[in-house]
Amino acid sequence: MKRFIALMLSCVFAFACTGCSEIEKEHFDKSMYTDMEGTATIDQSVKVSIDPEVLGKAVVEITSDMSEVYDGESIDENSFSPESETYSSYADEFLNEFLNEIRIALDEDKMFSYSVNTEGGMNFDDGYSDQHMTVSFNNITLDCGNVYGRGDKVYMDKKLFYTLGAINYIYDTYTLGEYFNALDEFFADKEYVSMSYENVMAGMGSGDVATAMAGNALQKQSEVMYEQVKEVLVGFDSGCVTRIENGTRFELDSDEFADLSTRFATYLRQHSESASQLVNDYMALVFATSMDIYGSDTEDILGTYEDMEISSDDVIMAMEGLKEAVNSPEYKTIFDTLKINLVNDITTVDNTRVDKAVYTGTYNEGTAFTIEAVNTVASTESYDFTNLDEVNSAEYSELFNKLMDFQMDLYSGDYTLSADYVCPDCGETFAYTDTAYCNKCGFVHDYYEYDENCDKQPGCELAAEANQVIA
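Below, the structure is looked at part by part. Quantities reported herein were computed from a predicted structural model and do not represent experimental measurements. (Residues numbered from 1 in each chain as written. Predicted model: local features only at pLDDT ≥ 70, side-chain atom pairs only at ≥ 80, totals over all residues. Heavy atoms only, no water.)

Points about a nonpolar patch on the surface
Note the following rule: Residues enter patches when they are more than 30% accessible in relative terms and free of salt bridges; like-charged ones are connected within 9 Å and nonpolar ones (Val, Leu, Ile, Met, Phe, Trp, Tyr) within 5 Å. The accessible surface values rely on the Shrake-Rupley method and a 1.4 Å probe; as for residues, cover is taken only from the protein chains in view. Put simply, a salt bridge is a Lys or Arg side-chain nitrogen that is within 4 Å of an Asp or Glu carboxyl oxygen. Note on exposure labels: buried denotes an accessible area under 20% of the residue type's maximum, exposed denotes more than 50%, and partly exposed covers the range between, all computed with a 1.4 Å probe on protein chains only.
Where nonpolar side chains cluster on the molecular surface, the patch consists of Val46, Tyr359 and Ile371 and spans about 230 Å² of accessible area. Note on Val46: relative accessible area 39%, which makes it partly exposed.

The following block contains the structure:
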């Protein structure tokens, strides 16, 4: 587990900021906004678009090629090759079933799209920010309310949690109602949920997670961490950053990933001591932040951190695992089939900075998926921030525990989709098993354990009666 953590965090650091060349420093310094001062307007969006048919075809081919890799022998061209009738029949059947099962989540063109958008203002000097958030799912846009940053505190509109519940339980109106009731009870006369970072403990560079930080703790610690990453990677140049009009570009193609990862793993093996310290400091920050956000027991958090401490040897073994993985036949199959490309442009025109990152996956000249993140920051002389001096807010840690209790009750049966069925003829009780479409009556209704005595299910009757009442 420790080596897996070391591997994941090392890769995050590599692609978050990397390189010793001046152009790479310029690019990643701008991505962290460490040079920004004063007040600015901010417009952020993250959009995910998926063509399930193209992606599904890529998955079928990858699965077929993987079978060949695992079997260690070529697939019979007459039985399951991409050109064979058997393969074509299987692929068509798989795709049709797949598309039918997820049809409810697709738009009119059988595409899936999802986006999160925020807009507002930011004061980089004191950590103040006002942002309004919306979430779009295909053709539906939901208002998630406002999120405010005030130095070491964040205030979130309660509307956000009602909206998230509507998304999570959109196809389950009974549970959604119970979820809303739980939120009503929790919020009462409160309008906001607040999270405080004023006690974030990290002790960067010392390993002492009991060192308290003060003043814009999370942002300042992120900047400290960024500088530490640059020190560790001072001798590593990705070669992926180039200059473009009005800015710089980081670009990585599918066929370059293995080489970059191999070079990075080799470099980090030679700097395993500083890398392990970096990973441990980052984990300390994550655990300390969790303590502030979730109100977790301090001793449990510190105990977990101590158990997960990464050594130099852990980093070395993790890098060996990374090199083996990215040069394996499995990875080659995936990256050769589903071409993945990342382009991150950071440009500045007239005091407006645009940071745009686009991830794409293509298959046979079709776009399987696109993930686009755009952050536009425009300097301004002033911004009218909302006054939050007298707002009535609830602690996020309390809300988190409330929602966890709701989930536990949901799984344990206190909030059930349907009650067990008591047969009016024989008096026996039969447990609820499923809710699904019924070919017999044409309605979606509940199913129960088979009633051997009466040889019937009540679902068709109840669904028909409910339909008559609605009609």
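So, next bit.
Observations concerning the pattern of salt bridges
Basically, it comes down to this: Helix numbers and strand numbers start at the N terminus; a helix is a DSSP run of H or I with at least 4 residues, a strand a run of E with at least 2.
In this structure the tally under the stated criterion is 17 salt bridges. Of the charged contacts, one joins Lys230 and Asp29 as a salt bridge, the two residues approaching to 2.9 Å between their closest N and O atoms. Note that Lys230 is positioned in helix 7 (residues 217-232) and Asp29 in helix 2 (residues 22-32), a separation of 201 residues in sequence. For Lys230, a relative accessible area of 23% gives the class partly exposed. Among the ionic contacts, a cluster of salt bridges with common partners joins Glu26, Lys30 and Arg243.

Things to note about the packing of helix 8 (residues 257-269) against helix 11 (residues 312-326)
The line we're drawing: Between N-to-C directions, angles cover 0 to 180 degrees, with each direction set by a line fitted to C-alpha atoms, over the stretch in contact for helices. We call two directions roughly parallel when the angle between them is under 35 degrees, roughly antiparallel when it is over 145, roughly perpendicular when it lies between 65 and 115, and oblique otherwise. By convention, the crossing between two helices is left-handed when the near helix turns anticlockwise from the far helix through less than a right angle, and right-handed when the turn is clockwise. We call two residues contacting when some pair of their heavy atoms lies within 4.5 Å. The classification used treats Ala, Val, Leu, Ile, Met, Phe, Trp, Tyr, Cys and Pro as nonpolar, Asp, Glu, Lys and Arg as charged, and all other residues, Gly among them, as polar.
One can describe the packing of helix 8 onto helix 11 by two numbers: an axis separation of 9 Å at closest approach and a directional angle of 165°. Taken as axis vectors, helix 8 and helix 11 run roughly antiparallel relative to one another. The handedness of the crossing between helix 8 and helix 11 comes out as left-handed. Residues Phe257, Ala258, Ser261, Thr262, Phe264, Ala265, Thr266, Leu268 and Arg269 of helix 8 form the contact with helix 11, whose own contacting residues are Val315, Ile316, Met319, Glu320, Leu322, Lys323 and Val326. Residue classes in the contact of helix 8 with helix 11 are distributed as 10 nonpolar, 3 polar and 3 charged.

Some points on unusual backbone geometry
Negative phi characterises most residues that are not glycine, and trans characterises most peptide bonds. Phi is positive for Ala188, close to 50°, though the residue is something other than glycine. One non-glycine residue, Asn364, adopts positive backbone phi at about 50°. Structurally, Asn364 can be placed in the loop between strand 10 (352-363) and strand 11 (366-380).

Comments concerning the pairing of strand 2 (residues 112-123)
Here is the rule: Between any two strands, at least two bridges found by DSSP are needed for them to pair.
Across 12 bridges, strand 1 (residues 39-50) lies against strand 2 in antiparallel orientation. Residue pairing for strand 2: Lys47 is matched across the bridge by Ser115. Here strand 2 pairs with strand 3 (residues 128-137) via 10 bridges, running antiparallel. Considered in strand 3, the bridge of Ser115 is made with Ser136. If you look at the hairpin formed by strand 2 and strand 3, you'll find 4 residues sitting between the two strands, and Gly127 has a positive phi there, around 75°.

Some remarks on the packing of helix 5 (residues 159-168) against helix 6 (residues 173-187)
Remark: helix 5 packs on helix 6, axes separated minimally by 10 Å, with the N-to-C direction vectors making an angle of 165°. With respect to helix 6, the element helix 5 is oriented roughly antiparallel. Viewed along their axes, helix 5 and helix 6 form a crossing whose handedness is right-handed. Of the residues in helix 6, those in contact with Phe161, Tyr162, Gly165 and Ala166 of helix 5 are Leu176, Tyr179, Phe180, Leu183, Asp184 and Phe187. Its residues assigned to classes, the contact of helix 5 with helix 6 comprises 8 nonpolar, 1 polar and 1 charged.

Brief notes about the sheet that holds strand 4 (residues 140-150)
Strand order in the open sheet formed by 12 strands is 7-8-9-10-11-1-2-3-4-5-6-12, with mixed pairing between adjacent strands. On the outer flanks of this sheet lie strand 7 (241-244) and strand 12 (393-395), each paired with one strand and no other. Neighbour to neighbour, the strand axes of the sheet diverge by 20° on average, direction disregarded. Here strand 5 (residues 153-157) pairs with strand 6 (residues 192-196) via 5 bridges, running antiparallel. If you follow Tyr155 over to strand 6, its bridge partner there is Ser194. Against the sheet, helix 2 contacts strand 7, strand 8 (247-253), strand 9 (339-349) and strand 10, and its axis sits at roughly 80° relative to strand 7.

Observations regarding the nonpolar core
We apply this condition: Each nonpolar core is a collection of buried residues, namely Ala, Val, Leu, Ile, Met, Phe, Trp, Tyr and Cys, held together in the definition by side-chain atoms within 4.5 Å.
Grouped together as the largest cluster of nonpolar side chains are 28 residues, with contacts concentrated most on Leu233, Phe250, Phe264, Leu268 and Met319. Val154, Met156, Ala182 and Tyr396 belong to the second-largest nonpolar core, a separate cluster that totals 23 residues.

Description of the packing of aromatic side chains
Quick note on the threshold: Ring pairs shown here join Phe, Tyr and Trp side chains whose ring centres sit within 6.5 Å, with only the six-membered ring taken for Trp; geometry is labelled stacked below 30 degrees between planes, edge-to-face above 60, and tilted in between.
All chains considered together, the criterion is met by 16 aromatic pairs. Consider the rings of Phe161 and Tyr396, whose centres lie 6.3 Å apart with planes at 35°: the pair is tilted. Remark: Tyr396 occurs in helix 13 (residues 396-412) and Phe161 occurs in helix 5; sequence separation between them is 235 residues. Take Tyr396: its relative accessible area is 17%, and that puts it in the buried class. Pairing Phe236 with Tyr267 gives two aromatic rings, centres 5.6 Å apart and planes at 45°, and the pair type is tilted. Separated by 31 residues along the polypeptide, Phe236 in the loop between helix 7 and strand 7 and Tyr267 in helix 8 bring together distant segments of the chain.

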